[in-house]
Every structure is written in structure tokens, then in C-alpha cells.
Amino acid sequence: MAKLVKTKVEVEGEVSEEYALVQEPLTTPWDVEEELKVVGKPVPRVDGEERASGAAHYPSDIRLPGMLHAKFLRSPYPHARVRRIDTSRAEQLPGVRAVMSKDNAPATPWNNKRPIFDDVARFAGDEVAAVAADTLTIARQALRLIQVDYEPLPFVLDPEAALHDDAPKIYPDGNLLDGEPTKYERGDVELALAEADVVVEGTFETPTQVHNSLETHGSVVTWEGDQVVVYDSTQNVFGVRDCVARWLGLDRNRVRVVKQFMGGGFGSKLGTGKYTVAAALLAKRTGRPIRFFLDRTEENIAAGHRHATRQYLRVGAKRDGTLLAIDLRSYTALGAYSAWGAAVGGPARELYNCANVRTYEYNVFTNIGPQSAFRAPGYVEGMFGLEILMDELAGQLGMDPLELRIKNYAARSPLNNLPYSSNGLLDTYEEGARAIGWDKRQQLDRTGTRRRGIGMASQIWGGAGAPPSYARVQVQSDASVTVITGTQDIGTGTKTILAQITAEELGVPLDKIRVEIGDSEWGLYSILSGGSMTAATVGPAVREAAADAKGQLINLAAQFLQVRPSTLTLNDGVIRGVKRRRPIEKRLAEILGELGDIMVIGNGSRAPNPDGVAIRTFGAQFVEVEVDIETGAVRVIKVVASHDCGRILNPLTTSSQIEGGVLQGMGYALMEQQIVDPKTGVVVNPNLENYFIPTMLDVPEIQVHMIDRADPNINNLGAKGVGEPPIIPTAPAIVNAVYDAIGIRFRSIPLTRDRVLDALERQQTSDIRQQTGVSG
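Residues numbered from 1 in each chain as written. Predicted model: local features only at pLDDT ≥ 70, side-chain atom pairs only at ≥ 80, totals over all residues. Heavy atoms only, no water.

1. Things to note about the overall build of the protein
Which entries qualify depends on this criterion: Put simply, DSSP marks the helices as runs of H or I at least four residues long and the strands as runs of E at least two long, and each gets a number from the N terminus on. Put simply, the radius of gyration uses C-alpha atoms, and a globule should come to 2.2 Å times the residue count raised to 0.38. Think of it in three bands: with a 1.4 Å probe and only protein chains considered, a residue is buried below 20% of the maximum accessible area for its type, exposed above 50%, and partly exposed in between. The protein chains shown are the only cover counted for residues, whose accessible areas, like all others here, come from Shrake-Rupley with a 1.4 Å probe. We treat Lys and Arg as the positive residues and Asp and Glu as the negative residues; His and chain ends play no part in the count. Charge positions are represented by NZ for Lys, CZ for Arg, CG for Asp and CD for Glu.
In terms of helices and strands, the protein carries 17 helices and 28 strands. Against the compact-globule benchmark of 28 Å for 776 residues, the protein has a radius of gyration of 28 Å, which places it among compact chains. Projected onto the principal axes, the alpha-carbon positions of the protein cover approximately 100 × 75 × 45 Å. Here the protein holds 776 residues, and the buried ones make up 60% of them. Total accessible area computed for the protein in this model is approximately 30,600 Å², and 47% of it derives from carbon and sulfur atoms. When the 84 positive and 97 negative side-chain charges of the protein are each reduced to one mean point, those points stand 3 Å apart.

2. Concerning the sheet that holds strand β6 (residues 120-121)
Selection criterion: Two strands are counted as paired when DSSP detects at least two bridges linking them.
Ordered by their spatial adjacency, three strands build an open sheet running β6-β4-β8, and the pairing between neighbours is antiparallel. Two strands close off the open sheet at either side, each with one partner strand: β6 and β8 (147-152). Pairing geometry for strand β4 (residues 80-86) and β6, over two bridges, is antiparallel. When the sheet's bridge partners are listed, A80 is paired in β6 with A121.

3. Comments concerning helix α12 (residues 494-506)
Counted only if it meets this: Here a helix's expected span is defined as the number of its residues, less one, multiplied by 1.5 Å.
The end-to-end C-alpha distance of α12 is 18 Å, a good match for the 18 Å that 13 residues give at a rise of 1.5 Å each. Within α12, 13 of the 13 residues are buried, which leaves the element mostly enclosed by the surrounding structure. Downstream of α12 by a residue or two, G507 has a phi angle that is positive, lying close to 85 degrees.

4. Quick look at unusual backbone geometry
Of note, the amide linkage connecting P467 to P468 takes the cis form, showing an omega dihedral of 5 degrees. Within the fold, P468 resides in the loop between β18 (450-461) and β19 (470-475). A cis amide bond links I749 to the next residue, P750, at an omega of 5 degrees. Here P750 is to be found in the loop between α16 (730-742) and α17 (753-772). Despite not being glycine, Y337 shows a phi value in the positive range, around 80 degrees. Mapping Y337 onto the fold places it in the loop between β16 (323-335) and α8 (346-350). When its relative accessible area of 5% is taken as the criterion, Y337 is described as buried. The phi angle at D572 is positive, at roughly 55 degrees, despite the residue not being glycine. When you line up the elements, D572 lands in the loop between β22 (569-571) and β23 (574-579).

5. With respect to the packing of aromatic side chains
Note the threshold: Between rings of Phe, Tyr and Trp, where Trp is taken as its six-membered ring, a pair exists when centres lie within 6.5 Å; planes separated by under 30 degrees are stacked, by over 60 edge-to-face, and by other angles tilted. We call a charge positioned over a ring when the NZ of a Lys or the CZ of an Arg lies within 6 Å of the ring centre and within 35 degrees of the ring normal.
Scanning all chains against the criterion turns up 13 aromatic pairs. Seen from their ring centres, F238 and Y525 are 4.9 Å apart, and the 55 degrees between their planes marks the pair as tilted. Of this pair, F238 sits in helix α5 (residues 237-248) while Y525 sits in the loop between β21 (513-516) and α13 (534-561); the two residues are 287 residues apart in sequence, bridging distant segments of the chain. For Y525, a relative accessible area of 32% puts it in the partly exposed group. Note on Y379 and W461: the rings are 5.0 Å apart at their centroids and 80 degrees apart in plane angle, and the pair reads as edge-to-face. Note that Y379 is positioned in helix α9 (residues 379-397) and W461 in strand β18, a separation of 82 residues in sequence. Residue placement shows R441 over the ring face of W438; its charged tip is 3.9 Å from the ring centre.

6. Some words on the pairing of strand β5 (residues 96-101)
With five of six residues buried, β5 is to be regarded as a mostly interior element. Across five bridges, β5 lies against strand β7 (residues 127-133) in antiparallel orientation. Note that in β7 the partner of A98 across the bridge is A132.

7. Side note on the environment of S213
Selection rule: Only heavy atoms matter for contacts: two residues are in contact if any of them lie within 4.5 Å across the pair.
In this structure, S213 sits in the loop between β10 (198-206) and β11 (218-224). Accessibility expressed as a relative area gives 0% for S213, which makes it buried. Expressed as a C-alpha distance, the spacing of S213 and R472, which sit 259 residues apart in the sequence, is 31 Å. When neighbours within four sequence positions are excluded, S213 is seen to be in contact with G263, G264, G265, F266, S268, K269, R296 and E299.

8. Observations regarding the pattern of salt bridges
Note the threshold: One side-chain nitrogen of Lys or Arg within 4 Å of one carboxyl oxygen of Asp or Glu is enough to make a salt bridge.
Applying the stated criterion across every chain, the model contains 53 salt bridges. Between R83 and E151 there is a salt bridge, with the nearest N and O atoms lying 4.0 Å from each other. Within this pair, whereas R83 is found in strand β4, its partner E151 is found in strand β8, the two being separated by 68 residues in sequence. Classification of R83 by relative accessible area gives partly exposed; the value is 46%. Between R543 and E505 there is a salt bridge whose closest N-O contact spans 2.7 Å. Here the residue R543 occupies a position in helix α13, and E505 occupies one in helix α12, the gap between them amounting to 38 residues. As far as burial versus exposure is concerned, R543 and E505 are alike and both buried.

9. As for the side chain of N650
Applied cut-off: Here a polar contact is taken to be a pair of N or O atoms separated by no more than 3.5 Å, where protein atoms must pair a possible hydrogen donor with a possible acceptor and residues adjacent in sequence count only if both atoms sit in side chains.
Among the secondary structure elements, N650 is positioned in the loop between β27 (634-644) and α15 (651-670). At a separation of 2.8 Å, a polar atom in the side chain of N650 contacts the main-chain amide nitrogen of L652. Aside from chain neighbours lying at most four places away, what touches N650 is K41, P42, V43, T496, I497 and Q500.

10. Observations regarding the environment of A376
Structurally, A376 is set in the loop between β17 (356-365) and α9. Here the alpha-carbon distance between A376 and I728, two residues 352 residues apart in the chain, equals 6.8 Å.

11. Examining α16
Since one α-helical turn is 3.6 residues long, residues separated by three or four positions face the same way. Between its first and last C-alpha, α16 extends 19 Å over 13 residues, near the 18 Å set by a 1.5 Å rise per residue. Of all 13 residues in α16, twelve are buried; the element is thus mostly enclosed. Of the positions making up α16, those classed as buried are T730, A731, P732, A733, I734, V735, N736, A737, V738, D740, A741 and I742. Phi for G743, located one or two positions after α16, is positive at around 75 degrees.

12. Side note on the domain arrangement of the protein
Put simply, the test is: Marked domain ranges trace back to an automatic or database domain assignment. Summed over both partners, the accessible area lost on bringing two parts together, with a 1.4 Å probe, is the buried area.
Looking at the assigned domains, one finds that the protein contains domain 1 (3-58 + 465-605), domain 2 (62-153 + 217-293), domain 3 (156-209 + 306-409) and domain 4 (419-458 + 612-776). On a C-alpha basis, the centres of domain 3 and domain 4 stand 19 Å from each other. Each partner contributes to the interface: domain 3 provides 36 residues, whereas domain 4 provides 41 residues. Taking both sides of the interface into account, the surface hidden between domain 3 and domain 4 amounts to around 3,300 Å²; carbon and sulfur atoms contribute 60%. When the buried surface of domain 3 facing domain 4 is broken down by residue, Q209, R375 and Y409 rank first, second and third, together holding 22% of it. At the junction of domain 3 with domain 4, the criterion picks out three salt bridges. Ionic pairing is found between R747 and E392, a salt bridge with its closest N-O pair at 2.6 Å.

Here you go:
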């Protein structure tokens, strides 16, 4: 029987309490020490052939008869009042089928309670109008014919400057989200700092990082009778359904959202884009399908990014290394429209055992494109400052940086003193240090023009998963199996692990299982794919559904064979048991085939998270770098990524996640930054020519060391999320390794060649002055 429960849900570092309707569980966690037959094995992706051969249909591949193409007209100003807009010339252009602007678009509120086309443009690239035409070429021509009377307004790009009394107001009620900073305090920070033997402090800056998914943001929308169908590149199928239904005034069962494959998202596609709603509105007006995909430039200026931060951080400790206080004041550049701010203070609050902690987080609106979730938002930025300052503290104390971290290990959650459901952080330290050769790092070559160093950093994140999520397992009369759920595979291998879970629990061969996801019409509800939640949310529901189906199959077989159900087992697609003291064995397909056209349907739901424990993932990364002091080039030689994320469902897909996270973290540390002209407020590198990301030539040796230990306290799989943890410690580990190589501490990234050369020149000048006794 279903019951209503209230449970805590954590998405991208934000915690809320939600209701969920769940079934009484049929399963218990697999034994921690048990080696399973299918789960935990390196099974290749079940849809790998489709992806590799080009047979997979991504939303951007969709082409429908009579389809129109849509484009946005975007503001050239970072802040401007739209006084008047004249679309008449565009409307008269042959091939143009519809034009939409603030004059004829619905006034339904969008982000931050503003309409989709507002009277004010708040960043260079803000949407002002939309055109639907027979071809993309005609749509672009039509945009040039739209006449807009702009009144340019003062703009602000820096989050601290945006809080000054004389700063331009992006919104009438001010530039600070919610009107005040997000505050957290425990203990007495000022007293603890006064009593500390050593205090280190620093100002840390992190850049704007752009997702640059291979498939840009976009949708294809068409009407089929009274139902609207949306093919969307999304991480949140049901979220898009609900938003489109609200905008069009439809019941949810009249909106179908489909996403079978997608070319990456990394958090940027958790929400519903303006392009999706605009496409739905234009499709309704024209009566024809609309294709609305952003180009690469639009992707870089208007599709979201990891926000830039400035962090003022102080850490105090006793002479023996015991942490006494952590004090953080951070400023994040939200851009325009964002309705939430990432938890930059998260690592400071919960990574280390420290009694006195204070974090003030200022989430500030600025005149740049809106920020969005980006793989562990907030924790990537916050860990950068904290872990670099921990290394500096170790230097001041004359301690090994790893020993300092171990000394301040938190056995219970510092936030609420709850025990962790499991905590393998010390294991990740030990495994990572062994693999990198931590104890032998002093033997590295730090002479000559290419100097090597080793550094490390820690990681903490969520990944608990949560209800609601529902699944169905259908067994056909030939014993083939279909798994149905409403989740989405965002490139992580979700289909594969769901097939493995089903095969393990149901007792049928993996090649007999088909997984159907990514369709809101016949898929059962599942929450968004973000916050490292998917495996730990949908997987348990699928296992429950498989257990329900298996119970029915055993009962059915018992009736057919005229034995007690308790005497039968189902493994590898074969029913085995005992009848009149003689063994019986019969293929499930034979039994079902003799019974005719029947279907066994198992249903399952995700149980609530347990009370009384804190659920976190842990990890550490150790990095070896080489710095060329003549060119300023930093080359990452080796990364050891050691992480504790519960039971590993598939080491192949897990390794893929870890490697991808490391590479994104490496790009963040060494090369990625969106550059905005301070005079014009315009992004000057909105493309992959001038916005640099790692290529194959940059890829170092990456060793993945997972602490494969199931956590039976959290769900029936013992699994936590693994998608976001690997990006969190990479950048500070690299920066700490650079210090180990050349003796210079960097507090801003990326470590581009010019930044490194400038630091080396300053170091050389300082050394000369010290040697000659010259000051100033």
C-alpha cells in the first residue's frame, strides 16, 4: 500500500523537505561483502552501438515536415531600456511566419518574476524578440529588419561593486539576491581567531566557466491534435513538461516531453529555456513545428555558466594543527535573472572538524548572462579557496599538508553532529597518497627550466538521491523484459546501470532487458538528473519494480509447476527448484510461452532517505604537474582520483564520470574563463576558438581509485552519486602542485601562461632585492 512521506531532498547543494508517495519496500540492501553477478561489473553501455554508429537521435537531429526555424533577437547592450520595438519590416519578409516581442508575448513571469520579453535588457545578449521562418537564413535576415529603440543604462559587472550605494540597480529592489547575504555561524569565530597560534588569510578569485556542451540548448516543438510534443535537450523531462503546461495553460497530460539522447548538459539544462517556451508559443501561433536551437555564440552568452567568485577567507589553528576557526565572506556574480545562489560556503562549513565557522555569502545580480548549475556548483569554487589556504596553513605550521587534513578529519557531520551513513575520506587519502608517491615527492626535479611538483585537495558533496521516483518492469510472454521510468540519460550511462540492476534482481540475462526512459507520456515520474542524484534515486525504484515482478513470476511458476513458491529460484532466466524431492529446471521463457499471451508487471518506487544520519560522498585527488619556467606553461602529468561514493554499480561508466570531471576541473584550473569587456559589457570570447577547453593533447594520465564499499544505510543499492564529486578537488590540487614545483602560491585561476610568467618575474625581482638588500 502506498503511503505519503516527507523527506529531505538535496539538489546541487540546496536542501528542502518534500512530500513523496512511496510503496512499502520489498527489498533490503544487498550484503556489503556480497559479490553480485551483474551489478558492479564493467558492462559496456547498452546503447553504445547506437551512439557510436550515429543511429541515436538527439533532439537537435529532429526534422519534422513543415518545420520552421526560430531565432532570438538579442540586446547589444548590457543594460538598456527597450523603449519601442518595430517588427513590421521583419513580418513582411517572405518566408517569415511569426514574430514575437514584448508587445505580443504573454506576460507570464519568467525567472525572477520577469516576463519572457521585458521592457529592460539586463545583459548583452538578453532576448528582445523571436522570429520563426521557413529557413534559418530567412530568420536571421528578419532579425536584422527589426528596429529597436534602446535607452542604454549604466551597467555593473563586478559583484562587490554592484553592492555599492552608487551602483546601477539591475532590479528596483536592489542587486542582492533576497536582499541579504546567506549567513551561517557556529561558535565564536573572532575569539577563536584571536586565540589561534597561526592565522592565514587570503583573497581568492575564480572565473566564469562555460559548460559548452557539444549539443547546444534547444527544442523542437510540434502540436499533435490537442497535445503539444516537445523534443528537448534537457536534464529534467518532467520539469520542462510542467513549465510548458503552465505557460500554455494546459493540463500536464496534454504536454509530452521527449529526450532519448542528449549531447551533454553538466547542470546547464536543469531548467526550462526561454527557447522552449518561445518555440511552443510560436508553434501554437503558426500551426507548424518549430525548431529552436541556440548557436555556439548564444550558448556562450545566454545559456548559463558557473559564476565567478571573490572569496575572503581566514583560517586559524593551534600550533599542533588543530583548526580553531574558518571565516569566509564570498561574492558571487549571479548575472541577470538567476533566482538562486550556489553554496560557496559549503566546504568551509562541513569538510573539517572545526568548532568555530562563519560564512557570509553575497549572491549578487550583475549585467552578464545568468548563471546556472554547473557540476557541483558552489563547492568547486569554495573548495578552491579552502584547500589552497589549508596548504598555506600547513606551510606556516611546518606540517605535511596531508597530515594537517587527517588531523582535522570530521568523523561526524560538523553541521548537525549526526553520524555519517558512511565515510571513506581517510581511505581516499591513503589510497591516493600511495598511488601518487606522496612520501617521495621531495625527490622530484625542481631544478632546470621544467620543474615538477605534487599537490592534493579534498572533496565533499551530497549524492544521496531521494524520492519521488517510480519504475515499472514488464516481462513479456517470451521472457524479454522492458524497464520503464521517466528519468533521462544525460550521457552518464543511466540506461546501462538500470539494466544491470534489473538483471541482478530479476534473475534474467542482461541481453533480454530493454530500458525505456526520457518520455513524459509513458515514462513514470522521476526527478531531474542533477546533484549526483540519478543512480541513487532511480536505481532503487527499478530494483523494487524488478523485485515485484520476480515475486509474481515465482508465484506464477509455482502454480504452473504445482510446487510451493518457497521452493523455487529464478536465476539466469531459469526457474529451478525441487518437486517430490527431485530437482526441476525449466527456462522462464518456456513456462511463459506455454501460458500464452500474458504480461507480468512489477511496480516500484524510491523509498525515503533515512533519518538520523548525514549522507555525503568523499574523495581526494593527488596531482603531479610540470611547470616550464621559460614559457609559463603548466602541464598536468598525472592525476590520481580517489573517491568514496558507495557501491560502484559499473566501474566502466564510473571511470568515465571521474575522468570527465577531472578534465573539466583541469580546464577550470588552467585555461577556461569567459572574458567580458569592462567598457562595453560584451563577452569577447563567445566561441570555442577563443574560449579554451582541454583537448586530447592536454589529457594527462588519470588513475581512478574508487573506494568500492556499499553504504547499506542509505538505499537498497548502497550506492551514492558519482557525477559531480570528481570536479571538486581538481583545481586546488593543481594549484597546490604548482606551488610545490616553483614555490609560488596562486589565489586566482586560470593559471594561464601570462599569469604564471608574471608571477615568476615578481618572484625573481623579489629574490634579487633580497640578495642585494634593495627594498621597494
